[in-house]
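What follows is the residue order along each chain.
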Amino acid sequence: MIKAWMLACTAALTLAACNKADEPKPTSDKAAEAAGDKTLAAGLAADSTFARAIKAAGLDGALAGPTPYTVLAPSDAAFAALPAGTVDRLMKPDARKELTAVLSNHILPGTMLAADISKAIDGGGGKVMIRTLGGGTLTASRSGDKLQFADAAGIKATVLDGGGERSNGVIYPVDAVLMPTK
């Protein structure tokens, strides 16, 4: 029994070492070049509600690592527009699972530059479905010259500016909180 356990531990450590070497690098050389070594985690305003929520959910380490993501970061005004008490409730330790689900709905795997999203929207006849890190789906479209993302309930978040390219992805500030499906 002990021999089998030791063999399993050795195999797990070997796989972990191999997988670490194979971690994906930023998918956009342009973003990595523009940002240098500044990560998504470092690009969030430390005093923002979104940054505090990312830290409370324990996602700050992932956004500081080498894996590329596209982050739709709701503004403080977007969080303030939620029903009274929602942010305070989500920030409590016993609501960490729900907070993580909400935040994961704002994180997309890989680096998606605005130009690439726009091309996909054009190719999709005016909209494109994009998977979130949390397993949900957002619908990307345009309203005038602005990118918009809608959740399953139809809440739309408009991108407020062109985004901030980082070494491991890009951050787009948005004007609404997109909720996951329950």
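The model shown is predicted, which means the values in this text are computed figures rather than measured ones.

Peer 1: What is the right way to read the overall build of the protein chain from this model?
Peer 2: When its secondary structure is counted, the protein chain shows nine helices and eight strands. Going through the 182 residues of the protein chain one by one, you find that 38% of them count as buried. Within the protein chain, counting contacts between residues at least 6 apart in sequence, those at least 24 apart form 62% of the total. Put simply, the protein chain shows about 10,100 Å² of open surface, and 60% of that area lies on carbon and sulfur atoms.

Peer 1: Just to check I follow, could you spell out the sheet that holds strand β7 (residues 164-166) for this structure?
Peer 2: Pairing in this open sheet of four strands is mixed, and the strands run β2-β1-β8-β7 from one edge to the other. Since the sheet does not close on itself, it has two edges, and those belong to β2 (107-109) and β7, each with one partner. Averaged over neighbouring strand pairs, the angle between their axes works out to 20° when direction is ignored. Of the pairings in the sheet, the one linking strand β1 (residues 69-74) to strand β8 (residues 169-174) comprises six bridges and is parallel in character. In the sheet register, Pro74 faces β8, and the bridge partner there is Val174.

Peer 1: Teacher, can you tell me more about the side chain of Thr132 here?
Peer 2: If you trace the backbone, Thr132 turns up in the loop between β3 (127-131) and β4 (137-143). Excluding anything up to four places from it in sequence, Thr132 contacts Ser104, Asn105, Ile107, Leu108, Pro109 and Leu138.

Peer 1: So what exactly am I meant to see when it comes to the pairing of β1 here?
Peer 2: Taken residue by residue, a regular strand's side chains alternate between the two faces of the sheet. The element β1 is largely enclosed, with a buried count of six among its six residues. Burial of β1 is two-sided: the residues Tyr69, Val71 and Ala73 facing one way and the residues Thr70, Leu72 and Pro74 facing the other way are all buried. Summarising the sheet, β1 and β2 pair through three bridges and their orientation is antiparallel. Note that in β2 the partner of Val71 across the bridge is Ile107.

Peer 1: Mind showing me how you'd approach helix α8 (residues 96-104) here?
Peer 2: Count 3.6 residues to each turn of an α-helix, and residues three or four apart come out pointing the same way. Here α8 has its buried residues at Leu99, Val102, Leu103 and Ser104. On its buried face, α8 is in contact with α4 (49-57), α7 (86-90) and β2.

The rules we used
Residues numbered from 1 in each chain as written. Predicted model: local features only at pLDDT ≥ 70, side-chain atom pairs only at ≥ 80, totals over all residues. Heavy atoms only, no water. Helix = DSSP H or I, 4+ residues; strand = E, 2+ residues; numbered from the N terminus. Buried < 20%, exposed > 50% of the residue type's maximum accessible area, 1.4 Å probe, protein only. Contact = heavy atoms within 4.5 Å. Areas by Shrake-Rupley, 256 points an atom, 1.4 Å probe, with all protein chains shown as cover. Pairing = 2+ DSSP bridges. Axes fitted to C-alpha atoms, helices over the stretch in contact; angles between N-to-C directions.

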